[in-house]
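Listed below, chain by chain, are the residues.
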Amino acid sequence: MKKNMLSIHLIRASVWLYVIWLLLPAVQTTGRAMTGAACVGLFGLGVLLDTDTLKKEWLSLLARAACAAVMPLLMRKYMDRGGTNFAGFYVQQAMFWFPLVFAGHVRTLNSKSLWKGLKWVLLAAAVITLFTTTGWLIEGMFLRGDKIYAYSRSLGFAGEDDPLYLKELMLRNIGGYDFIYAMVAALPFTCIAIQQTQGKKRAAFLALIVLQTVTIVLSQYTYAMLYAAAVLAVEMIALFIRQITKGRVSTGKSLLLGALPLLLGIALMQPLAQLASAICMEAGLENFAYSFEQLGLALQGSATDANSRLSHYLIAADGIKQSPFFGDLFGGAQQMSYHSDVLDLLSGSGLTGAVIAGGMVWLMGRGSLRGLKNHPHRAQIVFSFAIVGLIALLGTVVYSRDIPAVVMLGALLVLEE
């Protein structure tokens, strides 16, 4: 077998195995982090064996690798990420940035054989976990008597002190925080698939978006539910606009028009939050009720619970006010929210550090969005990235490998259709 063919098989196998390992929690907890790291290693070996490309693209590959190596160090220094186990976080970061580097590299080579079959592997892994997660969440919410077992929230709770329980949940193939928010970011891609297909295939993708929505709602992640509701509302209004104008309004313009009603929702957010809190409390959904209650208090300008995420944002915001351009680049006491990647990056390194970090992300993924400007579904791809940005602003993304995997690989597949 020629080396270039071996390189192709290794690169393709690396992303196939990575998706299977990452999106199937039962496989992930069995194979552990070493399996994910091995997938990245397979990709690296495949790149090295392609000597012709290596000679031409060595500088680009070196830049991608250097940025992936340095980013976790910067996050450790200026965002206080990684906790007490920085070595584990560093390895996790290699896997986190892998989809971005992969997409940039393979699209630079413009060889579809490098990701052949990826669409079906990605879909199969996501659908399996959606089904198993939904099944167990229904069991936990409705078939256990008075107590509600919020399995997905348990997997997303960093303070959980029972690793055996968490492993048991993952062996049941239940998706946690990472998977749920990845499915939120994937909603625009499912909408693209619905638009591109007909007949039975369209019916299958319609069923998929219903399954995604049900899983997100049952997970009891309040923010995820709100994001999903907003995304679906915008997509449905945009679809209606395109239908009544018989396609004369582009997808991008229709999405912008679809987002306008959200402004009304924002204006009415306080009474809606109070109403939602009362309804959720009456239904026994205490996690939902608490989140809506805290949101309502913040909108009133009242003090929120010290444990509320909203109160933590103010800590990072204060750090940004004190040094908006340089943060703690030249020393100083860090003011971290630990609940917002964007706010913590700005608080820790200021606008200067944010621009540097953005440049490093661009270098890692350079070429991955080639052709986006003229693509008919560019607005929905951008919409998905905007969702990730919103999650990073109001939550954390840097620990969640599922999110970049689904978004970057989804964008790769759509742009190459």
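These notes cover the structure that comes with them. Every value quoted in this text rests on a predicted model; they were computed, and no experiment measured them.

### Thoughts on the side chain of Asp 402
So, step 1. Position of Asp 402 relative to the elements: it lies in helix 17 (residues 402-415).
So, step 2. It turns out Asp 402 is buried and unbridged, and the closest side chain with the opposite charge, Arg 401, is 5.5 Å from it.

### Overview of unusual backbone geometry
Trans peptide bonds make up the majority, and among non-glycine residues the majority have a negative phi.
So, step 1. Phi angles above zero are rare outside glycine, and Asp 80 is one such case at about 55 degrees.
So, step 2. With respect to the element layout, Asp 80 can be found in the loop between helix 3 (51-78) and helix 4 (86-109).
So, step 3. Judged by relative accessible area, which is 30%, Asp 80 ranks as partly exposed.
So, step 4. Notably, Asn 110 is not glycine yet its phi reads approximately 55 degrees, a positive angle.
So, step 5. Structurally, Asn 110 can be placed in the loop between helix 4 and helix 5 (118-142).

### Some points on the packing of helix 9 (residues 199-218) against helix 10 (residues 222-244)
So, step 1. At their nearest, the axes of helix 9 and helix 10 sit 9 Å apart, and the two run at 150 degrees to each other. Classified by the angle their axes make, helix 9 and helix 10 are roughly antiparallel. Every pair of crossing elements has a handedness; the one defined by helix 9 and helix 10 is left-handed. In this structure, helix 9 uses Ile 209, Thr 213, Ile 216 and Val 217 to contact helix 10, whose residues at the interface are Ala 224, Met 225, Ala 228 and Leu 232.
So, step 2. Residues of the contact of helix 9 with helix 10, tallied by class, amount to 7 nonpolar, 1 polar and no charged.

### Regarding the nonpolar core
So, step 1. With 88 residues, the main nonpolar core has Phe 102 and Tyr 181 as its most contacted residues.
So, step 2. Looking at this core element by element, the count peaks at 13 residues for helix 8 (residues 177-196).
So, step 3. One finds Met 141, Tyr 151, Ile 174 and Met 225 within the second-largest nonpolar core, a separate group that totals 12 residues.

Each value, and the rule that gives it
- Starting from 1, residues in each chain are numbered consecutively following that chain's sequence as written.
- Local features in this predicted model are restricted to residues whose pLDDT is 70 or higher, and side-chain atom pairs enter the listing and the counts only when it is 80 or higher, whereas totals over whole chains, interfaces and linings include all residues.
- In computing side-chain properties, one takes all heavy atoms of the structure into account and sets aside hydrogens as well as water.
- Elements are defined by DSSP. Helices are runs of H or I of four residues or more, strands are runs of E of two residues or more, and each kind is numbered from the N terminus.
- Three labels apply to residues, based on accessible area from a 1.4 Å probe with only protein chains included: buried if under 20% of the type maximum, exposed if over 50%, partly exposed otherwise in between.
- As used throughout, the charge tally considers Lys and Arg to be positive and Asp and Glu to be negative, leaving His and the chain termini uncounted.
- Salt bridge, as used here: a side-chain nitrogen of Lys or Arg that lies within 4 Å of a carboxyl oxygen of Asp or Glu.
- Only the stretch in contact is used when a helix axis is fitted, and all axes are lines through C-alpha atoms; the angle between N-to-C directions ranges over 0 to 180 degrees.
- Here is the rule for angles: anything less than 35 degrees is roughly parallel, anything more than 145 is roughly antiparallel, 65 through 115 is roughly perpendicular, and the remaining ranges are oblique.
- Handedness of a helix crossing follows the sense of rotation of the near helix relative to the far helix, less than a right angle counterclockwise being left-handed and clockwise being right-handed.
- Only heavy atoms matter for contacts: two residues are in contact if any of them lie within 4.5 Å across the pair.
- Throughout, the ten residues Ala, Val, Leu, Ile, Met, Phe, Trp, Tyr, Cys and Pro are labelled nonpolar, Asp, Glu, Lys and Arg are labelled charged, and all others, Gly among them, are labelled polar.
- Here, nonpolar core refers to any group of buried Ala, Val, Leu, Ile, Met, Phe, Trp, Tyr and Cys residues whose side-chain atoms link them within 4.5 Å.

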